[in-house]
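Next come the chains, spelled out residue by residue.
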Amino acid sequence: MVVVTGGTGYIGSHTVVELINNGYEVVILDNLSNSHLDVLDSIEEITSKRPTFFQVDVDDRNQLNTVFAELGTSVEAIIHFAAKKAVGESVQEPLMYYRNNVGSLVNILEQTQKHGISKFVFSSSCTVYGQPDVCPVTESTQRKEAESPYGNTKTICEDIIRDCCKVQELTAISLRYFNPIGAHSSGKIGELPVGTPNNLVPYVTQTAAGIRESLTIHGNDYPTLDGTCVRDYIHVVDLAKAHLQALKRLEGSLPKSKYEVYNIGTGDGKSVLQVVDAFIAATGINVPYKIGQRRGGDITEIFADTTLANQALNWKAELSLEDALSSSWNWEKNYRSRKG
Ligand code: NAD
Ligand code: UFG
């Protein structure tokens, strides 16, 4: 049995689908602070299996004690997604982020210790690299001071896991995600931002759907190929599959108490304008845009060297940027038509 915290969220739900499709029994723990219960219906429609669900706050030790006492020794591994993830909000409310993201990790690691759970996968982020001096970044590129409290929670959490692996029967992998986009090919699960989207692709799809008047591109005076920022956009289904490979590695011959980190991206950097053009080419739908001011805290350019994940996890991103953008558009249309 695999416990997936944050399993009704965006990346969690796609990973749960891959886990179930590969024969794993899944238990989701989520407080639904940023997701909806009907995601369970969608997972069931896609996989014909409904994961067990506990509505719990991972930040609450007592609730976790109760749930893990019930699950007992049948938990083989934990994939820990549950966290708050809005960078801007974290600047305004740092304590909420440190409490939720760091507190939840400490609580869940406590359960690994109590119940002898030895396999752990953690959702980290390329934010731990800050603004790198050189791209692509490898796992040994120095982590720089994070640009936000959110980013800092990922750095701190990575270090906590490393320290626990030194003294516990715990073998863990942190996956440093680059920019996840896209949706499941069924169009039944995808990213559902609350309120006005902060991220590029949901803003693009909502503009294409006519919900937003136009996209604002945050600055075109960066030292990049066309002046807009460059990121490594990874299809969420490829990202979900990386978790399966990480689990397989933990189940395999990895020495006990080992801690590893992997970059999970495509290795290909794309500018904001390239993403907009690719969306228009993939869908045939126009996206009106204007150029605005730079957004505070944005880094100029980052993309991954994924050699380590390719080799050690036997994983490689397979889906293209166009696949990801078409699937995001498909999800947006499906969601709007269901909502009426
Ligand atoms: P999401 O908000 O869609 O999913 C997170 C889930 O965790 C939500 O369902 C939320 O309800 C739940 N949650 C939050 N705090 C909780 C708590 N205390 N107890 C129980 N449940 C709680 O976000 P996502 O995009 O799926 O991100 C998943 C993980 O990946 C997060 O750790 C995030 O920081 C990390 N990550 C995301 C991105 C990205 O761009 N989406 C990039 C890098 C890393
Ligand atoms: N952008 C726009 N207009 C928008 C939204 C975004 O021009 O309306 C630009 C941003 O300025 C940036 C690029 O699009 O240059 C990508 O921005 P996103 O907000 O989509 O992504 P970020 O790289 O800022 O951050 C995301 C997540 C973080 C995560 C990080 C790395 O929001 O939580 O990827 O994984 F940590």
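Now for a look at the structure at hand.

Considerations on the overall build of the protein chain
Along its length, the protein chain carries 11 helices and 13 strands. Its C-alpha atoms give the protein chain principal-axis dimensions of roughly 55 × 45 × 40 Å. Here the protein chain, with 340 residues, has 53% of them falling under the buried criterion. Taking all contacts inside the protein chain whose residues are at least 6 apart in sequence as the whole, residues at least 24 apart take part in 80%.

Regarding the site of ligand 1
Looking at ligand 1, there are 28 residues lining it, with Asp-30, Asn-34, Ser-35, Phe-81 and Tyr-150 nearest. Here Ser-35 contributes a side-chain N or O atom positioned 2.7 Å from an oxygen atom of ligand 1. Within the side chain of Asp-57, one N or O atom sits 2.8 Å away from a nitrogen atom of ligand 1. Elements with a contribution of two residues or more to the shell around ligand 1: α1 (10-21), α5 (94-115), β5 (119-125) and α6 (149-167). Here the shell around ligand 1 takes three residues from β5, the largest share from any one element. Residue composition of the shell around ligand 1, grouped by class: 11 nonpolar, 12 polar and five charged.

Digging into the pattern of salt bridges
One pass over the structure, following the stated rule, counts 19 salt bridges. Salt bridges sharing partners connect three or more residues here, namely Arg-143, Glu-158, Asp-159, Arg-162, Asp-163, Lys-166 and Arg-176.

Re the site of ligand 2
Around ligand 2 sit 23 residues, and of these Phe-178, Asn-199, Thr-216, Arg-231 and Asp-298 come closest. Here an oxygen atom of ligand 2 and a backbone polar atom of Tyr-177 are 3.3 Å apart. Notes on ligand 2: free accessible area 690 Å², of which the protein chains cover 89%. Listed by contribution, the elements that provide at least two residues to the shell around ligand 2 are α7 (200-208) and β8 (215-218). With four residues, the top contributor of residues to the shell around ligand 2 is β8. Split by residue class, the shell around ligand 2 holds 12 nonpolar, seven polar and four charged.

A few points about the environment of Ser-140
Within the fold, Ser-140 resides in the loop between β5 and α6. When the C-alpha atoms of Ser-140 and Val-261 are compared, they prove to be 9.4 Å apart, with 121 residues separating the residues in sequence.

Structural notes on the sheet that holds strand β6 (residues 171-177)
Two strands in a sheet stick together by hydrogen bonds in their backbones, pointing the same way (parallel) or opposite ways (antiparallel). Ordered in space as β3-β2-β1-β4-β5-β6-β11, the seven strands form an open sheet in which the pairing is parallel. The sheet is open, and its two borders are formed by β3 (52-55) and β11 (259-264), each paired with just one other strand. Here the average twist between neighbouring strands, direction ignored, is 20°. Pairing between β5 and β6: seven bridges, direction parallel. Across the sheet, the residue bridging to Phe-120 is Ala-172, located in β6.

Cut-offs used in this document
Residues numbered from 1 in each chain as written. Chains lettered and ligands numbered in written order. Predicted model: local features only at pLDDT ≥ 70, side-chain atom pairs only at ≥ 80, totals over all residues. Heavy atoms only, no water. Helix = DSSP H or I, 4+ residues; strand = E, 2+ residues; numbered from the N terminus. Buried < 20%, exposed > 50% of the residue type's maximum accessible area, 1.4 Å probe, protein only. Contact = heavy atoms within 4.5 Å. Near = heavy atom within 4 Å. Polar contact = N/O pair within 3.5 Å; in protein donor to acceptor, adjacent residues only side chain to side chain. Nonpolar A, V, L, I, M, F, W, Y, C, P; charged D, E, K, R; others polar. Salt bridge = Lys/Arg side-chain N within 4 Å of Asp/Glu carboxyl O. Areas by Shrake-Rupley, 256 points an atom, 1.4 Å probe, with all protein chains shown as cover. Pairing = 2+ DSSP bridges. Axes fitted to C-alpha atoms, helices over the stretch in contact; angles between N-to-C directions.

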